[in-house]
Each structure stands twice: as structure tokens, then as C-alpha cells.
Amino acid sequence: MLDVTEEMDSPTFKSDTVLSDVHLHRPNKRHLMVRLNAVGQPVFLSYFKLLWNTEDSSSEKHVKEATTERELQYQSELYDKDRNNLKKEREFINSEGVEALLDEDGDLEVVRRPRSASDLEAEDLLRDRVYPVILMKGKEDAFEEEEECTRSDVVKIEHTMATPLEDVGKQVWRAAFLLADYILFKRDTFRCCSVLELGGGTGMTSIIMGTVAKRVYCTDVGEDLLAMCEQNVTLNKHLMEPGRGEVKVKELDWLKDEFCTDPEAPYSWSEEEIADLHDHCTVIIAADVFYDDDLTDALFRTLYRITHNLRNSCTVYLALEKRLNFTLRHMDVTCEAYSHFRNTLNDLESLQDRKIKYIVEHVKLDFCQFLVYERMEQL
């Protein structure tokens, strides 16, 4: 849990929480706390800038260009300073000989550069401490980035930073950015499609998909999480094209065999929406939902049931981060959740079914990066 102190300057995280580090990979950005959700968790608002025009060159180049001018200037000054120091050391060695670097016992004496104030400033430039800022009701204009709310290259996402395991959907995870990158890179592939997202969480990927697709059903479970997701969809309405890009937030529990159609439930399905999904859906997406074996099994059962009822052939895009953990049981670094996912995926591909056939293909991660995050090899 997040321990909210009176000053809100030193958030601490207890050991029973799961923490996403996506929000930490945002240099020089302060974190805006907007409210407490229904279960008392602090909800933060983050701005994620879309790096358009990345199709003409590598993603690495454009991510570097997104770095602030101050950071680049400091790196240049630091490089020049180190180069000058190295030059002086070489001149000193050449003039005095190697003996000048030895102490009285004959050991090599290394003179270390003192830790200066500029070095401390540099660390702050590369990764600031996280100091949440509370946005008081009626004072939205006090936040310096509020003017970006309607920009076409900025996505606004409300999320938490640390949660119990059952609430990890309220955080933002790397695989959601990876899948969003792929959608933006393959915009023409998804244009005018009808899409279903399983485990949509904060809605980040569905919102990006909504910029090109005709209709997106963003699904998850839990009224509090779905309310957060719906709020994020509302915050990003300006990204959707007029007359297109509809994102509908719906409940879909993988542990149940049927859609929720209770009219009293806030995120239930109508019969028309279920029919629309079955008649028109051609794309299913899911990002970072494979962290628990039982949930992985439940997701694949849901995937099997839904694809069996679709009128058209469907492509499923799954994105995840392969998380390595040391376990005492194996006395080694393992990735059991990923291994179970791959085994279940193999079972699905080898399934003997007269009505439907599943073909699994691996997508290479050589496509452009449109969002600033750490694209690791484990993705």
C-alpha cells in the first residue's frame, strides 16, 4: 500500500504490493495525484507523448530526440570534461612515467574524481525522485501540463503506482506500450476493425486501438477498475476520429462461461453488443495478462469460447514481459508464468478441432517505437 504522509513528499511501498516501474521511466516529470479511488488507493495522472514521424527512421533515434535539451547539454559537457581529464592524465603519464602513479609500496594509486554537485544534479536529470503532487478540486489550472489535455499527440492515463496482486490492472505495464507501438506501426492493418481487448486494465492499449479501429470492446473485471478505464477513455476522446473510434468498456470475467447481461450491472453487455461482437470482431488483443497460471488457463478457455462463436476469422495479438524470478524450489532463476503460457499456447495450436484451427506466429520486435518507455529484450 502507498503510505500517504501529510507532506506527500516521501511515498513508501510495503512489501505486499506489486509495483510497475513504467511511471519511473519518465525523466523530469512530476506525478500528479488526482484522487483516492473507491478502495483508498492514490490515483495518479500521467501524460504519455506519442512520437509521431518514427516510420522514416529507427525508434532509438526518436526516443533520444525526446530527451530534454538540458540533459543533452549536460551529457555533452560531461563528455568534454572527462575527455579533458583523460588527456591531462595521458600527458602526465607521458611526462612523469608509470612510476608517478605508484605509491611508496609499489601499488598502483588511482586518484578518483571527487563527487561534485554537478554529478548529483546529473542523477536528478536522468531519473527524478517521485514526489507526488496533489491536484485540489477546482485548481486544475495550477498543473503546468493541463493545457496538453486536447493535444493529438498526448495520451492521458489515470492509474495507480502500487497495488496488491489482485489490482495490478490499475497500473500501466510495458507490454501495453509494446502492443500500442505495434498498433500505431500497423495502423492500416487495424483500420475500421472491430476489436476485443481481454484484460484491458487502465485502457491504454484500447485507447490507442480506438484511434484507428471502428469499435473496441475494452474488457476487464471489477467495477472500480472498469470505472478507471472508462474515465481514461473519456479523457482521450480527442484522439478518436469523428464518427469512428468508439471504445466501449465492458465486464468480462474469464472465470465465468457467459457474458454479463444483468441490466443492473454498470458494465454489462446488451444482446445487441454481444451479437455485434460475434458478427464483426476480427481482432483480439491482450497485454501483460499472463502472470498467474490459473488466470492464464481461464483466459485461454475464454479465448477458445469466443473465437468459436465468431463469424469471421480472427487474429489474436498477445504481448507480455518475460519476468525472471529466483525460486528456492528450483534454486535457480526461472520464469514459470511464461513457461506455463508457452505450454498452454502450444496446446492450443496442437488442438484437434474440426471447426477451427489455431496458428501461432512470433512477431519480431523490430518495429518503430512510438511511446517513450524501456523496450527490454524480455518483452
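If you're wondering where the values come from, they're calculated on a predicted model, not measured in any experiment.

The rules behind these values
Residues numbered from 1 in each chain as written. Predicted model: local features only at pLDDT ≥ 70, side-chain atom pairs only at ≥ 80, totals over all residues. Heavy atoms only, no water. Helix = DSSP H or I, 4+ residues; strand = E, 2+ residues; numbered from the N terminus. Buried < 20%, exposed > 50% of the residue type's maximum accessible area, 1.4 Å probe, protein only. pLDDT = per-residue confidence, 0-100. Contact = heavy atoms within 4.5 Å. Core = buried A, V, L, I, M, F, W, Y, C linked by side-chain atoms within 4.5 Å. Pairing = 2+ DSSP bridges. Axes fitted to C-alpha atoms, helices over the stretch in contact; angles between N-to-C directions. Phe/Tyr/Trp six-rings, centres within 6.5 Å; stacked < 30°, edge-to-face > 60°.

Some words on the environment of A298
- Following the sequence through the fold, A298 ends up in helix α9 (residues 293–308).
- Judged by its relative accessible area of 0%, A298 is buried.
- For the pair A298 and D257, spaced 41 residues apart in sequence, the C-alpha separation works out to 9.8 Å.

Some words on the confidence of the model for the chain
- Averaged over every residue, the pLDDT of the chain is 78; the share at 70 or more is 65%.
- pLDDT under 50 marks residues 54–75. Its contacts with residues more than four places away, or in other chains, come to 31 contacts.

A few points about the nonpolar core
- V155 and M209 are the most contacted members of the largest nonpolar core, which has 45 residues in total.
- Of the residues forming this core, the biggest block, nine residues, is contributed by helix α4 (residues 174–185).
- Beyond its immediate chain neighbours, meaning those up to four positions away, M209 contacts I183, F190, V195, V216, V283 and I285.
- Residues I284, A286, L303 and Y358 belong to the second largest nonpolar core, which totals 26 residues.

What to know about the sheet that holds strand β13 (residues 315–319)
- Ordered by their spatial adjacency, five strands build an open sheet running β11-β10-β9-β12-β13, and the pairing between neighbours is parallel. Where the open sheet ends on each side, the last strands, each with one partner, are β11 (246–251) and β13. Mean inter-strand twist for the sheet, computed between neighbouring axes without regard to direction, equals 20°.
- As paired elements, strand β12 (residues 281–287) and β13 share five bridges and run parallel to each other. Residue pairing across strands places V283 opposite T315, the latter belonging to β13.

Quick word on the packing of aromatic side chains
- By the definition in use, this model includes 14 aromatic pairs.
- A centroid spacing of 6.4 Å and a plane angle of 35° characterise the contact between Y304 and Y358, whose relative ring orientation is tilted. With Y304 in helix α9 and Y358 in the segment after α10 (336–349), the pair connects residues that are 54 residues apart, well separated along the chain.
- Under the relative-accessibility criterion, Y304 is labelled partly exposed at 29%.
- For Y358, a relative accessible area of 12% gives the class buried.
- An aromatic cluster of three or more residues is present, and its members are Y182, F185, F190, Y317 and F367.

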